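Residue strings, one per chain:
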Amino acid sequence: MWHHKPAIDEELLQSLPNLKVVASSGVGIDHLDLKLLSSYGVKVSNTPFIVSTDTADMGMALLLASSRRLVEGHEMAVSPDTEYFPADWLGVEVSGATLGIVGMGTIGYKVAERAKAFEMKILYHNRNQRKKEEESAVGAVYCKKIDDLLQQSDFVLLAVNLTPQTHKLIGKRELELMKPTATLINISRGLIVDQDALVEALQNKVIKAAALDVTYPEPLPRDHPLLKLKNVIITPHIGSATKTTRWVMMEEMAESIEAGLAGLPVPREVL
């Protein structure tokens, strides 16, 4: 499977009685009905580890691009109408700012490692608290309640898996808890955020900005209000989109398929 295609539903499974394994690219498995696949004796694999470094890089890239208004700056610099650069055209300082990471798995932790190099203060919210030595290594402070993280952070970065529990995790209430100077960054899944509530928050300056590598749907309809806002950066779900990572993803998928066909343990099997 690549970009969630083809759709693995009961009709497809009934038409493929000899199917042994489904190898899905990337880390997310919210598009797969694992119980249904298991009932047909089909094993599932994904590629969770290879994507983490590039996706963490993407998170920091969005944070920096949004804080320093790089897209707007580029448009100004190349516009045929620009006669001078205004002296009061300013961004937001990253060094010393507080980054709140929601989801401190492999990707979230790698974001924290990068943020430490930018001298950021790091808060995180996760189902389980990290080991003390892991927290100390990046200077991260655990917030048991997500509300505490939202209220204190200058940048809130989402790096959680999409599950029934995280569906629209960030809605109107959560956005109103954030600082009016804060930026929301999403590198997980679009449905983690209530998109209508986000549009309203950005339009009404409840939060300062958003930087999104994911939306729902993808791509957005061309008349979607998010596309018209100056305080939003949107990229086309390219967290893992580097040549090296995509090549290794393909290799890992092929390895899982070969193992499944040979009746061997499937590497990176999703249980």
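Keep in mind it's a predicted model, so treat the numbers as computed, not measured. (Residues numbered from 1 in each chain as written. Predicted model: local features only at pLDDT ≥ 70, side-chain atom pairs only at ≥ 80, totals over all residues. Heavy atoms only, no water.)

A.B. asks: Any chance you could break down the overall build of the chain for me, citing the residues and the numbers?
C.D. replies: Of the regular secondary structure elements, the chain holds ten helices and nine strands. In summary, the chain has a C-alpha radius of gyration of 20 Å against a globular reference of 18 Å for 271 residues, a match within 12%. Here the C-alpha coordinates of the chain stretch approximately 65 × 50 × 35 Å along the principal axes. In the chain, which comprises 271 residues, the proportion classed as buried is 44%. Sequence separation of at least 24 residues holds for 61% of the intrachain contacts in the chain that already meet a minimum separation of 6. Total accessible area computed for the chain in this model is approximately 14,700 Å², and 55% of it derives from carbon and sulfur atoms. Charge-centre separation for the chain: the mean point of 29 positive side chains lies 4 Å from the mean point of 34 negative side chains. (Helix = DSSP H or I, 4+ residues; strand = E, 2+ residues; numbered from the N terminus. Rg over C-alpha atoms; globule rule 2.2 N^0.38 Å. Buried < 20%, exposed > 50% of the residue type's maximum accessible area, 1.4 Å probe, protein only. Contact = heavy atoms within 4.5 Å. Areas by Shrake-Rupley, 256 points an atom, 1.4 Å probe, with all protein chains shown as cover. Lys, Arg positive; Asp, Glu negative; His and termini not counted. Charge placed at Lys NZ, Arg CZ, Asp CG, Glu CD.)

A.B. asks: Give me the UniProt feature "domain: D-isomer specific 2-hydroxyacid dehydrogenase catalytic" (unreviewed entry) in the chain: which residues, what numbers.
C.D. replies: Mapped onto the present numbering, the UniProt feature "domain: D-isomer specific 2-hydroxyacid dehydrogenase catalytic" (unreviewed entry) falls on residues 2-270. Helix makes up 36% of residues 2-270 and strand 13%, whereas the separation of the span's terminal C-alpha atoms amounts to 16 Å. (UniProt positions renumbered as here; feature names shortened; annotations may be inferred.)

A.B. asks: Let's hear about the side chain of Ser153: which residues, and what values?
C.D. replies: As for its position among the elements, Ser153 is in the loop between helix H7 (146-152) and strand S6 (155-158). In this structure the side chain of Ser153 is engaged in a polar contact, spanning 3.4 Å, whose partner is the backbone nitrogen of Gly100. A distance of 2.7 Å separates a polar atom in the side chain of Ser153 from the backbone oxygen of Leu149. When neighbours within four sequence positions are excluded, Ser153 is seen to be in contact with Thr98, Leu99, Gly100, Leu123, Lys179 and Ala182. (Polar contact = N/O pair within 3.5 Å; in protein donor to acceptor, adjacent residues only side chain to side chain.)

A.B. asks: Outline the domain arrangement of the chain, supporting the account with residue identities and numerical values.
C.D. replies: Split by domain assignment, the chain resolves into domain 1 (10-49 + 241-262) and domain 2 (52-234). Tallying the contact residues gives six residues for domain 1 and four residues for domain 2. For the domain 1 and domain 2 pair, buried surface summed over both sides reaches about 550 Å², with 39% attributable to carbon and sulfur atoms. The largest contributions to the domain 1 side of the interface with domain 2 come from Val27, Asp30 and Phe49, which together make up 64% of the buried area. Run the count over domain 1 and domain 2 and you get one salt bridge. With a closest N to O distance of 3.3 Å, Asp30 and Arg189 form a salt bridge. At the boundary of domain 1 with domain 2, the tally comes to four residue pairs in polar contact (both at pLDDT 80 or more). Tallied by class, the residues present in the side of domain 1 that touches domain 2 amount to two nonpolar, three polar and one charged. (Domains from an automatic or database assignment. Buried area = accessible area lost by both parts, 1.4 Å probe. Salt bridge = Lys/Arg side-chain N within 4 Å of Asp/Glu carboxyl O. Nonpolar A, V, L, I, M, F, W, Y, C, P; charged D, E, K, R; others polar.)

A.B. asks: Break down the sheet that holds S6 for me, with residues and values.
C.D. replies: The strands making up a sheet associate through backbone hydrogen bonding, with each pair oriented either parallel or antiparallel. Across the sheet, which stays open at both edges, the seven strands sit in the order S5-S4-S3-S6-S7-S8-S9 with parallel pairing between neighbours. Two strands bound the open sheet, and with one partner strand each, they are strand S5 (140-142) and strand S9 (232-234). Between one strand axis and the next, the sheet turns by 15° as a mean value, whatever way the strands run. By the bridge criterion, three bridges tie strand S4 (residues 121-125) to S5 in an arrangement that is parallel. (Pairing = 2+ DSSP bridges. Axes fitted to C-alpha atoms, helices over the stretch in contact; angles between N-to-C directions.)

A.B. asks: Explain a negative patch on the surface to me, using residue names and the numbers behind them.
C.D. replies: There is a patch of like negative charges on the surface, built from Asp9, Glu10, Glu11 and Asp33. Counting through the fold element by element, Asp9 comes out in the segment before helix H1 (10-15). Here Asp9 falls in the partly exposed class, since its relative accessible area comes to 35%. (Patch = residues over 30% accessible without salt bridge, like charges linked within 9 Å, V, L, I, M, F, W, Y side chains within 5 Å.)

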